[in-house]
Amino acid sequence: MLDGVDVLEAWQWNTVERCWTISCRFTIPTEGHGVPRRSDWVVLVEATYPWGYIHLQPAMRNSVEATFPHQLLNRPANVGRPWRTGRICVDTGVRALGRQGVDREPFSVAGRLRWRLERTRRWLEVAACGGLVRPGDPFELPDFGSLPKPLVAFGENVDSLETWDGEKARYGVVRLVRLRQRPPVLVAKSFHDPGGREVYAPRWGTYINDPERPSEDGLWLRFNGTPHIEPWKAPMTWGELRRAAAEQDINLDEALQRLLERTRFGGASRLLVGFPIPAVVDGAARNMFWQALQLPEIPIETGMSSPGFRPGRARPTDVTRLAAFRDECSLTWLHSENWHADTVAARGQLPEVLTDAEVVLIGAGALGSAIGEMLVRGGLRRLTVYDHDLVMAGNLVRHTLTLADVGSFKAAALADRLNAMSARTEVRAITQAFPPDDEVSHALLRTTDIIIDATGENAVAHALSTYRWNSPKIFVSISLGLFAWAGFSFFSIGESFLMEDMLTALRPWLDRQAERFRDAEWPREGVGCWHPVFPARGDEVWMLASSALQHLVELVQSESDASELVVFERVEENGLFLGLRRVLSV
């Protein structure tokens, strides 16, 4: 088969896992770091081979029992399975990107299994030398074997790490808000020291800060580094957590007892264990990570005195005497995620000059809703939506709202939807036409950086041009051509909107449009001549809205202050859609 690999048992079909399995023995030149020279492994292969997964799991006997980097928590699997859970990772670094990652793993029938076995043998050789991670490699947490529910989220980045570095408190109370009951999702809203002083509060958006959300208090405790058992196993019992804490000069029992007594706290069900982590192995710490832990029930004793408590008052039980905290008792870790924008926006974000801006969006129709959604998903934090119209069923063919929103104000429903998209965004709705008639709205507008008009109405353009802004603003007026044949994006900067310049630049395009659709039949909604509606499909609206957003991104990053009209024109040939053509016009 392969040098250093012997087959111990022929292929078998596992009816429980619904995959093929084969048992192998790997032999490496030298043993070390808990890796024996000979170890037995089970290969699990999906029935769709050479596609699908190929997992290498340590056998229950005569194999690797420790947990290493690049390996899942290695413990016995469920009864009846002859392997352990410690699947090793022998994927390439771009495997998760699919075909776009230019993965060099072969997918031929003859080649793929051989390639995996060769990499496993090499993995064992490197593990035996203690070389699975090298300085500069991406840092990975040990596998905590966490329960998926409840999910506990927090918000930490390099700036908040500075706050923690300057903080003396090592433990305290964390306020957790519940975003959802089923499946449960909890978010750390604020951290407090034992005296109640707020130590750190992530900057969350409207959705998480909703005062109507239920909340509960948990406990937090800081470690100096990632708690683990060598080589890279997450503590899975209270005894292992005590051991990991002791290696960082932390007396876990003393810390827990002080935490419970100083906070006068009983009934907490979650403990957030915090520790700084780097971006790369041996690199500087980048942010704090909070790994949530389900606490056993802690009863309250009464009628006893304790430091900090008056005689006869309730006090928490001495945790060292509780059976649930004994060394052999298992820990229940909970799935924990960092929701800070620096982490969750890694897949794609708008430039900072735009995400940090205060933006007003006038018009919450199909075009405005698409632009608003792209802005918020791109990381925009502060947005105000203006629209006094109500949502109608006919809007839904190209709007982001749903049947549940019919009859609601478009601005309010869109703001609710946008707030629910991002943990950090604050979207406000003003359900009146522009310009507003109240001082609060006027004050809000004058602090705005960017005004986007997505109404396509000259009356709004005129209002923009006559409104007293009192300071320079970036204005962008976005509209669509009939049947979505083109999209128009006019940009100007100054203390007023240049409506006449926009209309002058648009005139030849509107004349061309009038000629092109002179005999067009207008779609109508409802009965009678009062109900013509703008003709364009949802996909066409989103395509042109995307083009307009690209233009906006260019503008905010440029140093130009000259007004500009950009037209994105639909290109077809022999009835086939070829794309959009960008046409510049002054």
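Residues numbered from 1 in each chain as written. Predicted model: local features only at pLDDT ≥ 70, side-chain atom pairs only at ≥ 80, totals over all residues. Heavy atoms only, no water.

Caption draft 1: Up close: the pattern of salt bridges. Here the structure, examined in full by the defined rule, presents 31 salt bridges. Of the charged contacts in the structure, one is a salt bridge between Asp 356 and Arg 381, with a shortest N-O distance of 2.4 Å. In this pair, Asp 356 sits in the loop between helix H7 (352–355) and strand S15 (358–362) while Arg 381 sits in the loop between helix H8 (366–377) and strand S16 (382–386), placing the two residues 25 residues apart along the sequence. Of the charged contacts, one joins Asp 511 and Arg 507 as a salt bridge, the two residues approaching to 3.5 Å between their closest N and O atoms. One end of the pair, Asp 511, and the other, Arg 507, are both in helix H12 (residues 499–516), 4 residues apart, so they sit about a helical turn from each other. (Salt bridge = Lys/Arg side-chain N within 4 Å of Asp/Glu carboxyl O. Helix = DSSP H or I, 4+ residues; strand = E, 2+ residues; numbered from the N terminus.)

Caption draft 2: Fine view of the packing of H8 against helix H13 (residues 538–557). In the contact formed by H8 and H13, the axes pass within 9 Å of each other and the chain directions differ by 55°. It follows from the interaxial angle that H8 and H13 lie oblique. Considering how the two elements wind past one another, H8 and H13 form a crossing that is right-handed. Residue-level inspection shows Ala 366, Leu 367, Ala 370, Ile 371, Glu 373, Met 374 and Leu 375 of H8 in contact with H13, the latter providing Val 541, Trp 542, Ala 545, Ser 546, Leu 549 and Leu 552. (Axes fitted to C-alpha atoms, helices over the stretch in contact; angles between N-to-C directions. Parallel < 35°, antiparallel > 145°, perpendicular 65-115°, else oblique. Left-handed = near helix turned anticlockwise from the far one by under 90°. Contact = heavy atoms within 4.5 Å.)

Caption draft 3: Representation of the sheet that holds strand S2 (residues 19–27) in the model. Judged by pairing direction, the sheet is antiparallel, and its 4 strands sit side by side in the order S1-S2-S3-S4 without closing on themselves. Both edges of this open sheet fall to strand S1 (5–14) and strand S4 (54–58), since each of them pairs with a single strand only. On average, each strand axis in the sheet is inclined to that of its neighbour by 20°, with strand direction left out of account. Relative to S4, strand S3 (residues 38–46) is paired through 5 bridges, and the arrangement is antiparallel. The partner of Val 43 across the bridge, within S4, is Leu 56. Against the sheet, helix H1 (residues 112–128) engages S1, S2, S3 and S4, with an angle of about 35° to S4. (Pairing = 2+ DSSP bridges.)

Caption draft 4: Layout of the side chain of Glu 540. Mapped onto the elements of the fold, Glu 540 is located in helix H13. Accessibility expressed as a relative area gives 9% for Glu 540, which makes it buried. Those residues in contact with Glu 540, other than ones at most four positions away along the chain, are Phe 483, Ala 484 and Arg 570. (Buried < 20%, exposed > 50% of the residue type's maximum accessible area, 1.4 Å probe, protein only.)

Caption draft 5: Fine view of the environment of Ser 489. In this structure, Ser 489 sits in strand S20 (residues 486–494). Relative accessible area serves as the criterion here: at 1%, Ser 489 is assigned to the buried category. Each C-alpha atom, one on Ser 489 and one on His 551, is 7.5 Å from the other, the two residues being 62 residues apart in sequence. Setting aside its immediate chain neighbours within four residues, Ser 489 contacts Val 476, Ser 477, Ile 478, His 551, Glu 564, Leu 565 and Val 566. A distance of 2.6 Å separates a polar atom in the side chain of Ser 489 from a polar atom in the side chain of His 551. (Polar contact = N/O pair within 3.5 Å; in protein donor to acceptor, adjacent residues only side chain to side chain.)

Caption draft 6: Region of interest: a negative patch on the surface. A cluster of acidic residues, Asp 159, Glu 162, Asp 165, Asp 342 and Glu 352, forms a negative patch at the surface. Broken down by element, the negative patch gets its largest block of residues, 3 residues, from helix H2 (residues 158–165). Classification of Glu 352 as exposed rests on a relative accessible area of 61%. (Patch = residues over 30% accessible without salt bridge, like charges linked within 9 Å, V, L, I, M, F, W, Y side chains within 5 Å. Areas by Shrake-Rupley, 256 points an atom, 1.4 Å probe, with all protein chains shown as cover. Lys, Arg positive; Asp, Glu negative; His and termini not counted. Charge placed at Lys NZ, Arg CZ, Asp CG, Glu CD.)

Caption draft 7: Structural view of the nonpolar core. Counting residues in hydrophobic clusters, the biggest one holds 51 residues, and the most contacted among them are Phe 191, Trp 220, Trp 238, Leu 271 and Leu 272. Apart from residues lying up to four places away in sequence, Leu 272 is in contact with Val 152, Val 174, Ala 188, Phe 191, Leu 219, Trp 220, Leu 221, Trp 290, Gln 291 and Ala 292. (Core = buried A, V, L, I, M, F, W, Y, C linked by side-chain atoms within 4.5 Å.)

Caption draft 8: Representation of the pairing of S4. Among the 5 residues of S4, 5 are classified as buried, and the element is accordingly described as predominantly covered. Covered by surrounding structure in S4 are Ile 54, Leu 56 and Pro 58 together with His 55 and Gln 57, the residues of both alternating faces.

Caption draft 9: The side chain of Asp 193, seen in detail. Considering the arrangement of structural elements, one finds Asp 193 in the loop between strand S7 (185–192) and strand S8 (198–200). When its relative accessible area of 13% is taken as the criterion, Asp 193 is described as buried. Residues in contact with Asp 193, not counting those within four places in the same chain, are Ala 169, Tyr 171, Gly 172, Val 199 and Trp 220.

Caption draft 10: Up close: unusual backbone geometry. Residues Tyr 49 and Pro 50 are joined by a peptide bond in cis, for which omega reads 15°. Here Pro 50 shows up in the loop between S3 and S4. A cis amide bond, omega -10°, links Lys 149 with the succeeding residue Pro 150. Phi at His 70 is positive, roughly 60°, even though this residue is not glycine. One can find His 70 in the loop between S4 and H1. In this model, Asn 470 sits at a positive phi of 70°, which is unusual for a non-glycine residue. Along the chain, the position of Asn 470 falls in the loop between helix H11 (458–466) and strand S19 (473–480).

Caption draft 11: Molecular detail of the environment of Thr 455. By the secondary structure assignment, Thr 455 is in the loop between strand S18 (450–453) and H11. Sequence separation between Thr 455 and Asp 387 is 68 residues, and the spatial gap between their C-alpha atoms is 9.2 Å. Each residue touching Thr 455, except ones within four places of it in the same chain, is listed here: Ile 362, Gly 363, Val 460 and Ile 478. A distance of 3.2 Å separates the side chain of Thr 455 from the backbone nitrogen of Glu 457, its partner in a polar contact.

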